[in-house]
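Listed below are the residues making up each chain.
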Amino acid sequence: MDDKARRDGIRYGEETVARGAGGETHQIARDGRTSLTTQQGIPVSDDQNTLRAGERGPDLLEDFHFREKVFHFDHERIPERVVHARGFGAHGFFEAYEPLSDLTRADLFQRAGQRTEAFVRFSTVAGSKGSFDLARDVRGFAVKLYTREGNWDLVGNNIPVFFIQDAIKFPDVIHAAKPEPDRGFPQAQTAHDNFWDFASLMPESTHMLMWIMSDRAIPRSFRFMEGFGVHTFRFVNAQGRSTFVKFHWKPKQGMQSVVWNEAVKINGADPDFHRRDLWDAITQGAYPEWELGLQLFDDDFADRFAFDVLDPTKIIPEEELPVRRVGRLVLDRVVDNFFAETEQVAFCTQNVVPGIDFTNDPLLQGRNFSYLDTQLKRLGSPNFTRLPVNAPRCPVAHFQQDGHMATMNPSSRANYEPNSWSPEEGGPREDPVRGFTTYPSTDSGPKRRLRPESFADHYSQARQFYLSQAPVERRHIVDAFTFELSKCERPDIRARMVAGLRNVDDDLARTVADGLGLPALPDPLPPAREPVRDLAPSPALSIIANGPESFAGRKIGILVTDGADAGVLAELRAAAAEEKTNVEIVAPAVGGVDTSDGNHVSADQKLEGAPSVLYDAVAILTTKEGATQLANLPAARDFVTDAYAHCKFVGYVEEATALLAATGLNGHLDDGFVRIDDGQRPAADFLTRCRRLRIWDRQAAPS
Ligand code: HDE
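Reading guide: rules and limits
- Residues numbered from 1 in each chain as written.
- Predicted model: local features only at pLDDT ≥ 70, side-chain atom pairs only at ≥ 80, totals over all residues.
- Buried ≥ 20, exposed ≤ 12 C-beta atoms within 10 Å, placed from the backbone.
- Helix = DSSP H or I, 4+ residues; strand = E, 2+ residues; numbered from the N terminus.
- Contact = placed C-beta atoms within 7 Å.
- Core = buried A, V, L, I, M, F, W, Y, C linked by C-beta atoms within 7 Å.
- Domains from an automatic or database assignment.
- Near = placed C-beta within 6 Å.
- Nonpolar A, V, L, I, M, F, W, Y, C, P; charged D, E, K, R; others polar.
- UniProt positions renumbered as here; feature names shortened; annotations may be inferred.
- pLDDT = per-residue confidence, 0-100.
- Pairing = 2+ DSSP bridges.
- Axes fitted to C-alpha atoms, helices over the stretch in contact; angles between N-to-C directions.
- Parallel < 35°, antiparallel > 145°, perpendicular 65-115°, else oblique.
- Left-handed = near helix turned anticlockwise from the far one by under 90°.
- Arc of directions from axis to C-beta.

## Some remarks on helix H14 (residues 491–501)
The periodicity of an α-helix, 3.6 residues per turn, causes residues three or four positions apart to be oriented the same way. Judged by how many residues are buried, H14 sits mostly within the fold: 8 of 11 residues are covered. Within H14 the residues assigned to the buried category are Ile493, Arg494, Ala495, Arg496, Met497, Val498, Gly500 and Leu501. Each element contacted by the buried residues of H14 is listed here: helix H4 (193–201), helix H5 (206–212), helix H13 (471–486) and helix H15 (506–516).

Right under this line is the structure:
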């Protein structure tokens, strides 16, 4: 159908489906494209108009194409995940560095260099599917490993502890964090009464609160954050010997977070900041990598350790039990279809393979019940395991059958066992040698509902985390508590939380109390058990102390105007390429600019759509006239002042001075302002300095 016919409202009779010599219908239309068909494969001749009686209607029920199309559309949505609704997935592989057969019989750890296909989904927890990426929140880090002995799902987070110790409190903590039920807001944030009411009444959440009020909860990218299995698991080797294990994912890109004021602005400028970042990195071939780290220990260590290794609100500090790196996870392929893969992927904590087993961590045990249940609700059929993203890559053989959307049913005689049919007709049999065997721990005791005494110290590790942070990171924690509690309408909730913080650190509690303007410092909450108090700080807990070694994978926004020095731009681009740093050209018009050599440079972004919060560092390349024009543009002034306020490096040419003057920053040009048109190799020098990521001195340490 041509455009004219479409405009004219069309009664048409033109045939769009090619016919073969014998009159049979082909799936190829006349212009060489695939013919549009219904779900039943019936070629469609007109997808613009419903079937109607007479020129102006009414529509006819007989229009099976219209009915099918709208019916399917009406059913496109599936329930979003009750938590972790907003996520982004990618494919890749895990590669083992060395055989770990002394520790585990899990197939993926048996041979150095062995690769196992993987799918990873990152997520935020509290927000709905359409919320923004830079919410202050835990990030999910769920890894599906398609091993040769079945799927292993390591469903972790970017924070190694959790809010609660017992799964029975999960609905409560999530209800409290989600939008309040009467009003349906606030979306994707914990800064409201219900969350802090619950948190302040649940001292076991204190350690986790320290983490989510820290910069860990506002990562710069999924690529720059750690992942943790959280619980203690077991490895079991071929001889049946068990070793406790905690899983870590260490980003090879180094760690990096943004600052809160920046996060708020990123959410407006690009709500898809994290998913776009991962998509861009992978499609550009800069595949992100994490190393799998293991903390391995035996019963003796577990007995000696100051806390219960089954308590998911505790870590084992890396300094006390080193992390052994045993392989790498590489994400090298984006999804073909978001719904089919990222939305339909179904992680289940109970998916473990021979050689990996659970412990009695009560949170883990509860999760093992929840995940299977939730997938049935979400995906609507017990056959969700057949979806390509969920299907094991190894052979599957069992007698489970039928159900909604069954695509794989027993085709031979027997659908039960034991049976006396031949191997061909009788189907699979148990395999005591290869089969999964549960580690035979001896567990017994009276049936009771209780919380073990060994779980009762809620404050010592919270304090350890706080004291392990760099001063500026501590300040961010203070600011985050103050901000979030300031959003609580009830003063008693604010005061109760500060009373809890007194058990963590008195300075922290006092500064938050001052920030909130509490009339008096409340007495500390009575602890369930006297805390151990001063544990040795753990440097591994600081992001700043574990930053990247290079500026690779980061992004510079270069603000240019007409007449910008072509030589400096070329040097900057070359230095960035050498450092494997991405560059985006930002200009007053997206059409681009003419540089000093008369060449045209097209822009990637228009200034108003590319605030400096989208970049790790910025540079300004302009002329005297250009700088004067920029000085009159609010977006240009914000570009610079935000970069300054967020402690970023700013490269500039001498001619940019008028813009800097207009921002009032001229007197404050610290180390982070770097001339890129002056010196030996100024552009390369600028990139090298950017490796520090931020000039934290701009933010004073807490008093
Ligand atoms: Fe989850 N969690 N969770 N969780 N969780 C879900 O399963 C649950 C917990 C985590 O990208 C749900 O498929 C309970 C800890 C991730 O698809 C649900 C408890 C950790 C994801 C569920 C926890 C996680 C989920 C919702 C307390 C870190 C997203 C949708 C006992 C170790 C996976 C779904 C994805 C998702 C239950 C606590 C990580 C309802 C009951 C601790 C990364 O089954």
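## Here we look at the environment of Gln375
Structurally, Gln375 can be placed in helix H10 (residues 362–379). Spatially, the C-alpha atoms of Gln375 and Pro160 are 24 Å apart, while their sequence positions differ by 215 residues. Ignoring anything within four residues of it in the chain, the contact list for Gln375 reads Ala346, Cys348 and Phe384.

## Focus: the nonpolar core
Inside soluble globular proteins, nonpolar side chains tend to come together where they are buried. Membership of the largest hydrophobic core comes to 160 residues, with the highest contact counts inside it found for Leu559, Val618 and Leu621. With residues near it in sequence (within four places) discarded, Leu559 still touches Val586, Leu607, Val618, Ile620, Leu621, Ala636 and Phe639.

## Considering the domain arrangement of the protein
By the assigned domains, the protein splits into domain 1 (1–76), domain 2 (87–182 + 208–386), domain 3 (458–544) and domain 4 (551–698). Spacing between the C-alpha centres of domain 3 and domain 4 amounts to 38 Å.

## Examining the site of the ligand
Around the ligand, the surrounding shell holds 26 residues, and the nearest of these are Arg81, His84, Arg121, Gly140 and Ala167. Within the residue set of the shell around the ligand, elements represented by two or more residues are strand S4 (115–124), strand S5 (139–147), strand S6 (150–157) and H10. With 7 residues, H10 is the largest single contributor of residues to the shell around the ligand. Looking at the shell around the ligand residue by residue, the class counts come to 13 nonpolar, 10 polar and 3 charged.

## With respect to the environment of Arg637
Following the sequence through the fold, Arg637 ends up in helix H18 (residues 634–645). When sequence neighbours within four positions are dropped, the list of residues in contact with Arg637 reads Ala631, Ala662 and Thr663.

## Considerations on the UniProt feature "domain: Catalase core" (unreviewed entry) in the protein
In the numbering used here, UniProt assigns the "domain: Catalase core" (unreviewed entry) feature to residues 37–425. Taken end to end, residues 37–425 has its terminal C-alpha atoms 39 Å apart, with 23% of it in helix and 19% in strand.

## Concerning the confidence of the model for the protein
Mean pLDDT over the protein: 94, with 95% of residues reaching 70 or higher. Within the model, the stretch residues 1–26 combines pLDDT values under 50 with 27 contacts to residues more than four positions away or in other chains. Among the prediction metrics, the complex's ipTM stands at 0.98, with pTM recorded as 0.95.

## Overview of the sheet that holds strand S17 (residues 605–606)
Strand order in the open sheet made by the 6 strands is S17-S14-S13-S18-S19-S20, with parallel pairing throughout. Across the chains shown, the open sheet's two edge strands, defined by having one partner strand only, are S17 and strand S20 (673–675). Summarising the sheet, strand S19 (residues 649–652) and S20 pair through 3 bridges and their orientation is parallel. Directly across from Tyr652, in S20, lies its bridge partner Arg675. Its contacts with the sheet place H18 against strand S13 (555–560), strand S18 (617–621) and S19, and it is angled at close to 135° to S19.

## Points about the packing of H13 against H15
For the pair H13 and H15, the least separation of the axes is 9 Å and the interaxial angle reads 40°. Between H13 and H15, the angle falls in the class oblique. Here H13 and H15 pass one another in a crossing that is right-handed. Along its contact with H13, which presents Val478, Phe481, Thr482, Leu485 and Ser486, the element H15 presents Leu508, Thr511, Val512, Gly515 and Leu516. Residue composition of the contact of H13 with H15, grouped by class: 6 nonpolar, 4 polar and no charged.

## Looking at the packing of helix H3 (residues 170–177) against H4
Viewed as axis vectors pointing N to C, H3 and H4 meet at an angle of 145°, and their least axial separation amounts to 7 Å. Judged by residue contacts, Asp172, Val173, Ala176 and Ala177 of H3 engage Asn194, Phe195, Asp197 and Phe198 from H4. Tallied by class, residues from the contact of H3 with H4 come to 5 nonpolar, 1 polar and 2 charged.

## A short note on helix H7 (residues 273–283)
If you check which residues of H7 are buried, you get His274, Arg275, Asp277, Leu278, Ala281 and Ile282. End-on, the buried residues of H7 take up no more than an arc of 160°, which puts them together on one face. The secondary structure elements touched by the buried residues of H7 are strand S3 (87–96) and strand S11 (324–334).

## Thoughts on the pairing of strand S9 (residues 242–251)
Taking burial as the measure, the 10 residues of S9 include 8 buried ones, the bulk of the element. As paired elements, strand S7 (residues 227–228) and S9 share 2 bridges and run antiparallel to each other. Opposite Gly227, over in S9, you have Trp249 as the bridge partner. The pairing of strand S8 (residues 233–236) with S9 spans 4 bridges and is classified as antiparallel. Opposite Phe233, over in S9, you have Val245 as the bridge partner. Counting the residues that bridge the hairpin from S8 to S9 gives 5 residues, and of these Gly240 lies at a positive phi of roughly 85°. Pairing analysis gives 8 bridges linking S9 to strand S10 (residues 289–297), with the strands arranged antiparallel. Paired with Pro251 across the bridge in S10 is Trp290.

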